[in-house]
Structure formats: structure tokens, C-alpha cells
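# Fold and contact review
Here is what each chain is made of, one letter per residue.
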Amino acid sequence: MQSTRLKTVQDAFSEQYGDAPQMVVRAPGRVNLIGEHTDYNEGFVFPVAIDREMLVAASVNGSDKVQAFSLDYAEVDSFDLNDIKHNDDHSSWSNYLRGVVDTLQKAGYKIGGFNAVLSGNVPQGAGLSSSAAFEVAVATVCNAFFDLGISGKDIALLSQKAENQFIGVQCGIMDQFISALGEEDSALMIDCKTLDYKVVPLKLSTSGYSIVITNSGVRRGLVDSEYNARRQECVEGTKGLSELTGRPMNSLRDASVEDLDKHGASLPDKVLRRSRHVVSENQRVLDAVKALESGDIVRFGELMNESHESMRDDFEISCSEINTLVELSQKFKGVAGARLTGAGFGGCTVAIVANDQVDNFKEVLIPEYEKLTGRKAEVYVCSATAGAGPQ
Ligand code: GLA
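What comes next is a walk through the structure. (Residues numbered from 1 in each chain as written. Predicted model: local features only at pLDDT ≥ 70, side-chain atom pairs only at ≥ 80, totals over all residues. Heavy atoms only, no water.)

Taken in spatial order, the 4 strands line up as β10-β11-β9-β12 in an open sheet, and their pairing is antiparallel. The open sheet has two free edges, formed respectively by β10 (335-341) and β12 (378-382), since each of these has just one partner strand. For this sheet, the mean angle separating the axes of adjacent strands, direction not counted, is 25°. In the sheet, β10 pairs with strand β11 (residues 348-354) via 6 bridges, with the strands oriented antiparallel. Among the inter-strand pairings, G337 is bridged to a residue of β11, identified as I352. The sheet contacts of helix α12 (residues 358-373) involve β9 (209-215), β10, β11 and β12, and relative to β9 the element is tilted by about 20°. (Pairing = 2+ DSSP bridges. Helix = DSSP H or I, 4+ residues; strand = E, 2+ residues; numbered from the N terminus. Axes fitted to C-alpha atoms, helices over the stretch in contact; angles between N-to-C directions. Contact = heavy atoms within 4.5 Å.)

So, in C-alpha cells, the structure goes:
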């Protein structure tokens, strides 16, 4: 994290409340290397916590009130801990704050009043989990101030619950999990069925490759309705395959490639394609982790490319701008693989690029993309950071 950002948040806190903050917590955004729309199907994901984050400077205030100032929106909010309501007069940030505090209280945790200043540099609406970073940062502040003893996994689950129930977005567990539990210079292979995970070192400084995120500049428009539609189609796939195989299934995690080969033709075409994405994507995550562990970056990249194809054609969550970015990236010298990352319908791509080609990648890709789409892309070369914690 840049120390200037830390200082800005600390100074803003002192100005707002007349004293230095007792604590500053950081929670990162994420980029998912492979394993998309598998988390809510009890499958595998492989995300990385990145060096874009939410910062919350805070002090307890000894009252029953939370007072907050968003540096990014230049807005204040305050609410009573005994009466937390949805706030429709503010930008969405205040509902993320209220949602997490409310969810913790409803789970039986005792929270006291606090003052906070919040600021983030995870691009919003870009598929890099700015909202999960926000939620996890607030939950981490409460955990530390009020000695709640909540584990990292439970911070993730409670933050997801806030997003599902208070905000009303039916996301899976991936984003909050990696923001809470990410590890430096590593990706996490998370089994979203058991919530067991494996830390896989990326060795970015010695591998010769960088993780390069490109923001298409297309905000994820349809994401809420389309996300819920995909979830529903996956439920239909599970139901159909349970009946066709005679094996009761809880989720698409329980289906195999052989099940689809044998019975897929009896499913409605759309349901078959959605199911095929999830089942094959789970296998790709397992294969990708193996490839990375054996230092086979070429195979890792191929799996990323296959993942993109599957998202584009079977799961249908890409869009023309993202496809353009991915095609340009994949053709580029020194690129092992590239794909859409996150929920889809806009947002970002992720590519694995040889270090000595990164500058070239930026210089050529940005104008090419603009020529083809009329949009300005932003490129972030990111490092893999630790999950949430006090600074
Ligand atoms: C969003 C959701 C995640 C996950 C991804 C798609 O980021 O919040 O839970 O489903 O989309 O992989």
C-alpha cells in the first residue's frame, strides 16, 4: 500500500474528529486467475488479493453511534447501533457500512460506537471486488476494536451475508474470502464447498511473469439480473442431472464431465451450456493449480484461455469489448494467457505477461483497444498481497 494513501486517511480522520485514529485497517480487492461462477456452485476458485484496497481509519467513541466520513464521496453518515436502517439518501457506501455492522450485531456480536474515515482505490463496478473489500475492512475494524474473536473465514461469511441480505446481491463467497484471507505473493485455491483452501505461491518476483489487469472501461451493467439468472440456470442443471443420472446432487460440483457427455443432450441447450461451463471450469482450476505448482506457466495460460472461451460461449457472461481485449492480449508476445475476470458483463481482464513485455503490452494494447472500441482501457500491473488486517 502507498504510504501516502495511509497518511491521507489518517490526516482526514484527525481533521474530521480532532484526534489521530486508534487504528487503520486495510482490506484488499481481488483478481480471480481462474474459476469463474463456480463459487456458488460449491466449486473451486483461484483468486489473488491485490494491491488495491479499502482503508478504514477508526477510533472507538464510547457512544451507541457510528459516525463515518467517506473521503471518496465527501459524504458523512451516522447511525444509531440500536436502530440500523437501510439508507437511501447516500451513495451506496453507507449501506455497506450499515450492513456489516447490522449483520455482526444480528449474529450476536456486541459492537460499540466508533468514528471512521473510509477511502478505497479499488475501481468500482470493474469486477475487482471493491464492495467485498469495503465489507471485510469494516468487519475487521469491529473484530479488532470489540475483541469479537471472529476467524478470517467467519469475517468472510459474515461480510458475504451482509452483501446477500442487507445489500441484496446474491454473490458467492470468493471475494470476501480472498479479501479476508489472502496471502502475500500467493493465490488461494478455495474449495467453496468445504471452505478449505490451499495457499499456492506465485513467486512473482522470480517467475519472470506479472499479473496484468486491464479495465475495459465498461461498467458491469446487467450484472445483477444476469448473475441471478445464471445462478438459477445452474440450479436447473443440478436438478436435471440429478434426475438423469439417478444420483441426487446438491450442486454442479457433484456432476462430472462424463455425466454431461452421457446425459447432457437431454438437458435444455442453455442449461447444458451453463452446466458445462461450471463442470469444466472446476476441472480447469484443479489443472491450473497443478500447472502452476510444477512451474508450467504455458499450460496455466492455456487453461486461462480455455476458461475465457467457456465463459464467452457457454456461460455467456462476456461482452464485445472484453472479447476484444482478450483477443488482443492473447495474440501479444509474452502473454501466457488472458481471460475475463469477475462476474462479467464488462469489468476487467486478467493476463499473465512476461515481465520484459509488460511495458510494450501497455503501449500497444491501450491504443489498439481504443481504435477498435472507442474506449480507454486502464492497465494495472498488480502484486499479490496479504488479506485484511490493521496497518
Ligand atoms: C462476483 C461474485 C463472486 C463470484 C464471481 C464470479 O464477483 O461476487 O461470488 O461468483 O462474481 O466468479
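Counted under the stated rule, the structure contains 27 salt bridges. The salt bridge partner of E233 is R274, with a shortest N-O separation of 2.6 Å. Placement of E233 in helix α7 (residues 223-245) and of R274 in helix α9 (residues 269-293) is noted, with a sequence separation of 41 residues between them. On the basis of relative accessible area, R274 is assigned to the buried category, the value being 2%. Taken together, the shared-partner salt bridges connect E233, D269, K270, R273, R274 and E316 into one network. (Salt bridge = Lys/Arg side-chain N within 4 Å of Asp/Glu carboxyl O. Buried < 20%, exposed > 50% of the residue type's maximum accessible area, 1.4 Å probe, protein only.)

What follows deals with the sheet that holds strand β4 (residues 65-70). Strands sit in the order β5-β4-β6-β3-β1-β13 across an open sheet of 6 strands; the sheet is mixed. Each of the sheet's edge strands pairs with one partner strand only, and the pair in question is β5 (75-80) and β13 (389-390). Inspection of the sheet shows strand β1 (residues 23-32) paired to strand β3 (residues 47-60) by 9 bridges, in the antiparallel sense. By the bridge assignment, R26 is partnered in β3 with L55. Sheet strands in contact with helix α1 (residues 3-17) are β1, β3, β4, β5 and β6 (114-120), and its direction is about 145° off that of β6.

Moving on, we come to the site of the ligand. Taken together, R30, E36, H37, D39, Y40, C171, G172, M174, D175, Y227, G342 and A343 make up the full set of residues adjacent to the ligand. Take E36: an N or O atom from its side chain is 2.8 Å from an oxygen atom of the ligand. Compared with its free state, where it exposes 310 Å², the ligand has 94% of that area covered by protein. Partitioned by chemical class, the residues of the shell around the ligand number 5 nonpolar, 3 polar and 4 charged. (Near = heavy atom within 4 Å. Polar contact = N/O pair within 3.5 Å; in protein donor to acceptor, adjacent residues only side chain to side chain. Areas by Shrake-Rupley, 256 points an atom, 1.4 Å probe, with all protein chains shown as cover. Nonpolar A, V, L, I, M, F, W, Y, C, P; charged D, E, K, R; others polar.)

Residues in a regular strand point their side chains to alternate faces of the sheet. Counting buried residues in β9 gives 6 out of 7 residues, a clear majority hidden from the surface. In this sheet, β11 lies alongside β9 in antiparallel orientation, the contact comprising 7 bridges. If you follow Y209 over to β11, its bridge partner there is A354. Summarising the sheet, β9 and β12 pair through 5 bridges and their orientation is antiparallel.

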